[in-house]
Structure formats: C-alpha cells, structure tokens
Amino acid sequence: MTETRATAEAARRPAPEGPARPAGPLPPLRPRRARPPRRGRRQGAGPFLLLAPFLLLFTAFGVFPLVAAAWTSFHRVELTAPGRAEWVGLRNYTRLLDDGFFWNALLNTLTIGVLATVPQLLLALGVAHLLHARLRGRQFLRVVALAPYATSVAAATLVFALFFGRDHGMANWALGVVGLDPVDWQNGPWASRFAVASIVVWRWTGYNALIYLAALGTVPRELYEAAALDGASRWRQFLHVTLPGIRPALGFTALVSTIGAVQLFGEPLLYASGAGASGGANHQFQTLGLYLYEQGWVNLHLGRAAAIAWAMLLILVAALGLARLIRKAAA
C-alpha cells in the first residue's frame, strides 16, 4: 500500500519546467548552399579524349583533302609533276564557264539524277509499304530487297550492259516481240542516260525501301484506326497518315540520293566498254564525276580537276539551299 501511494503522489506532482522558449515565430532555417562538383583536369578532358580518334580521322581524311583541293584549284598542277604548282587564281574556275564539256557533263548529271532519283524513291516507298503488310516470308523478301545493294557495282553494271546490248540484248529482244524497232542503248543520248539511271534504280531501291520500312514501324496504329473510323480510304490514310509520319525518312533518302546523283561515277564508267572516262563516243552520258576523272587522271590536269570538285560541292550546296527555301515558302 505504501509503495502504491508513493507512486500516485509522484504522478500528481508537476513535471519540472525546461528552459523558457522565446515568444514569437521561430526563425527560418537557412538552406545550405550546394557545393559545386569538383571538376578535375581528368574529368574535363574526358569527352575530348573520347572524341580524339574521330577528330583525328575526320581531319586527316575529311578536312585536309578539302583544303588541299581548294588550294590546288587555284594553281596549275600537273599529275606528272605534282610538286610544281603555278598560281593562276580563278583561271581554273573561269575556264569552266566557257567549257562546253563541263556544261554537257552537268546536264547529263542532272538528267541521270532525275531519271534515277524520282523512280527510285517512288519504287522504294511502294516496296516498303508492301513489306510492311502482313505477308508470309517477310524476312526473306526483305533480304531479297537488299540483295542489289550488296552487289558489286562492277558486276551489276556488266549485267546491265549485256541486258541493254544493241545486237543481242534482252531489252531489244523484248522490243522486237512487241513490234518495236531496236534501240542503241549505248550511243543514243537519252537511251544511254536511261540505261545508266536504271542501274542506279536497281541498286538503291532496296536500300531506301528498308529505311522507309523502319520508318513505317514508328507510325502509331491508333492513327490508322482513327482515320478508318472517320471513313478515310486506304489512299487517304496513305496521304494524310503514312507520308507525314515518315517525313524525316523521306527527307533523308532524298538528300542521300541527291548527293549520290551528283557524285555518280562507277556506273557510267563501266557501262560502255572502251568508252572510259569520256562517257560514250559523243560524251552522251559523261557525268561530272567522269569529267573530273578525265581531267585529273587522263589529261593529267590536277588543278582543273580540283576546280571541278569544288564546283560540284558548290552546286550541291546551292541545290540543297534552294530546296530548303522552297520548303520554307511552302510551309
């Protein structure tokens, strides 16, 4: 009983008061300043060390040849004596303005480029749309579509040269079956350009088709379902859903095809046996690439060849800039 009373009295006693709190609101806590991360020399130089191999290779094989070609274009340099350079200023460029062979090569390049690029991209878009459908053996068809791209340009050009043969070619045989006269596919101006363009179309259609096929996989299915619910036909879905969805891929393939058309070299060089860099007896399919090769490695004029190379670059930049302006004006 005594212990119980002592415990109860101890519970009734008030607790000892602590130190008195100051009146008013508590002062706000000061946030601690975050210390900036320490950047040592190794951490700052790390990204540059990773980029160093690329920068070295790009400088050696990209920037230096470009600068060297620009320097050579202002000099008279012969391949037989590359160490002897005579300053001529803009003479190599002004001679191109009066050179009929240069303008002929430029016209051939534009003609073959249009004949090759436009059908190539349209066919690639159709092949990609077909491969995107649920068909049996799609993987095999994709490999078949890419096979021409993996084929050597020399082998492909040789086969097409036999196909477009004047006397025993299959193209003239097919024309004879339907009652048409044979065509000289190597000496005719437009026929030879069409033949060279067909080689480019055959080799690069599958490559572009696979790019379009990858882009088609990124278009959401919900957009097609919504368009179908709105009553849009297949053609309407293709115009208003598919094409806007793969617009970046369309721009990329158009850019790469344009660059390839300006630099076209292997197909016209190997198409006509014995023609060499002249592009036929009358230069009927000589491109800028062939003309550059003829001036530099046949006529041994390195200065003129360098000027042609820079003219090709300037023409390409001007064409791309014009296309960009037209796109902005249309938007």
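So, a few notes on the structure that sits alongside this text. This one's a predicted model, so the numbers in the text were calculated from it and none came from an experiment. (Residues numbered from 1 in each chain as written. Predicted model: local features only at pLDDT ≥ 70, side-chain atom pairs only at ≥ 80, totals over all residues. Heavy atoms only, no water.)

Some points on a positive patch on the surface
Under the convention used in this document: Note that patches include only residues with greater than 30% relative accessible area and no salt bridge, and the join distances are 9 Å for like charges and 5 Å for nonpolar side chains (Val, Leu, Ile, Met, Phe, Trp, Tyr). Only the protein chains shown count as cover for residues, and the accessible areas themselves come from Shrake-Rupley with a 1.4 Å probe. By definition here, a salt bridge exists when the distance from a side-chain nitrogen of Lys or Arg to a carboxyl oxygen of Asp or Glu is within 4 Å. Just so you know, the count uses Lys and Arg for positive and Asp and Glu for negative, and it drops His and the chain ends. Charge positions come from single atoms, namely NZ of Lys, CZ of Arg, CG of Asp or CD of Glu. In this text, helices come from DSSP runs of H or I with a minimum length of four residues, and strands from runs of E with a minimum of two, each type numbered from the N-terminal end.
A cluster of basic residues, R247, R324, R327 and K328, forms a positive patch on the protein surface. Counting residues per element, the positive patch draws most heavily on helix α14 (residues 302–330), at 3 residues. With respect to the element layout, R327 can be found in helix α14.

A look at the environment of P244
Worth spelling out the cut-off: Whether a residue is buried, partly exposed or exposed follows from its accessible area with a 1.4 Å probe, protein chains only, as a fraction of its type maximum: under 20%, in between, or over 50%, in that order.
Its place among the elements puts P244 in helix α10 (residues 234–245). Judged by its relative accessible area of 35%, P244 is partly exposed.

Points about the side chain of R193
Heads up, the rule is: Between N or O atoms, a polar contact is any pair within 3.5 Å; within protein, one atom must be a potential hydrogen donor and the other a potential acceptor, and residues adjacent in sequence are included only when both atoms are from side chains. Working rule for contacts: check all heavy atoms of both residues, and any pair within 4.5 Å makes them a contact.
Along the chain, the position of R193 falls in helix α8 (residues 189–216). No salt bridge is formed by the buried R193; its nearest oppositely charged neighbour, D184, is found at 13 Å. A distance of 3.1 Å separates a polar atom in the side chain of R193 from the backbone oxygen of Q284. Not counting residues within four places of it along the chain, the set of residues in contact with R193 comprises N108, T111, I112, L115 and Q284.

Details of the pairing of strand β1 (residues 75–78)
Here is the rule: Criterion used throughout: strands pair if DSSP finds at least two bridges between them.
Alternating positions in β1 separate cleanly, H75 and V77 being buried on one face and R76 and E78 remaining unburied on the opposite face. Bridge analysis of β1 against strand β2 (residues 81–87) gives 4 bridges, and the strand direction is antiparallel. Bridging from a neighbouring strand, V77 pairs with A85 of β2. Once β1 ends, the chain turns through 2 residues before running back antiparallel as β2.

Some details on the packing of aromatic side chains
Let me state the cut-off plainly: Two rings from Phe, Tyr or Trp (for Trp, the six-membered ring) form a pair when their centres are within 6.5 Å of each other. A pair whose planes differ by under 30 degrees is stacked, one over 60 is edge-to-face, and the rest are tilted.
Under the defined criterion, the tally for this structure stands at 16 aromatic pairs. With 5.7 Å between their ring centres and 50° between their planes, F74 and Y93 make a pair best called tilted. Residue F74 is found in the loop between α2 (41–73) and β1, and its partner Y93 is found in helix α3 (residues 91–97); the two are separated by 19 residues along the sequence. Ring geometry for W235 against F238: centres 5.8 Å apart, planes inclined by 25°, an arrangement best described as stacked.

Considering the pattern of salt bridges
Inspection of every chain in the model, using the stated rule, returns 3 salt bridges. For D167, the salt bridge is made with R166, and the minimal N-O distance between the two is 3.6 Å. Here E267 ties to R203 by a salt bridge, and the two come within 3.2 Å at their closest N and O atoms. Pair noted here: E267 is in helix α12 (residues 266–271) and R203 is in helix α8, with a separation of 64 residues, a long-range link.

Topic: unusual backbone geometry
One non-glycine residue with positive phi stands out, namely H283, at about 55°. Following the sequence through the fold, H283 ends up in the loop between α12 and α13 (288–298). At L300, a position not held by glycine, the phi torsion is positive, near 65°. Looking at the element boundaries, L300 is found in the loop between α13 and α14.

Some remarks on the nonpolar core
Nonpolar side chains in soluble globular proteins tend to end up buried together. We count it as follows: To form a nonpolar core, buried Ala, Val, Leu, Ile, Met, Phe, Trp, Tyr and Cys residues must be joined to one another through side-chain atoms within 4.5 Å.
Counting 20 residues, the largest nonpolar core has I112, F164, W185, V196, Y271 and F285 as its most contacted members. In terms of nonpolar packing, the next biggest core, distinct from the first, is built from 19 residues, L121, A128, L131 and L216 among them.

Focus: the environment of I315
By the secondary structure assignment, I315 is in helix α14. The class for I315 is partly exposed, based on a relative accessible area of 31%. A sequence separation of 53 residues divides I315 from V262, and the C-alpha atoms of the two residues are 8.8 Å apart. Setting aside anything within four residues of it in sequence, one finds I315 in contact with F102 and L106.

In short, geometric facts, not functional conclusions.
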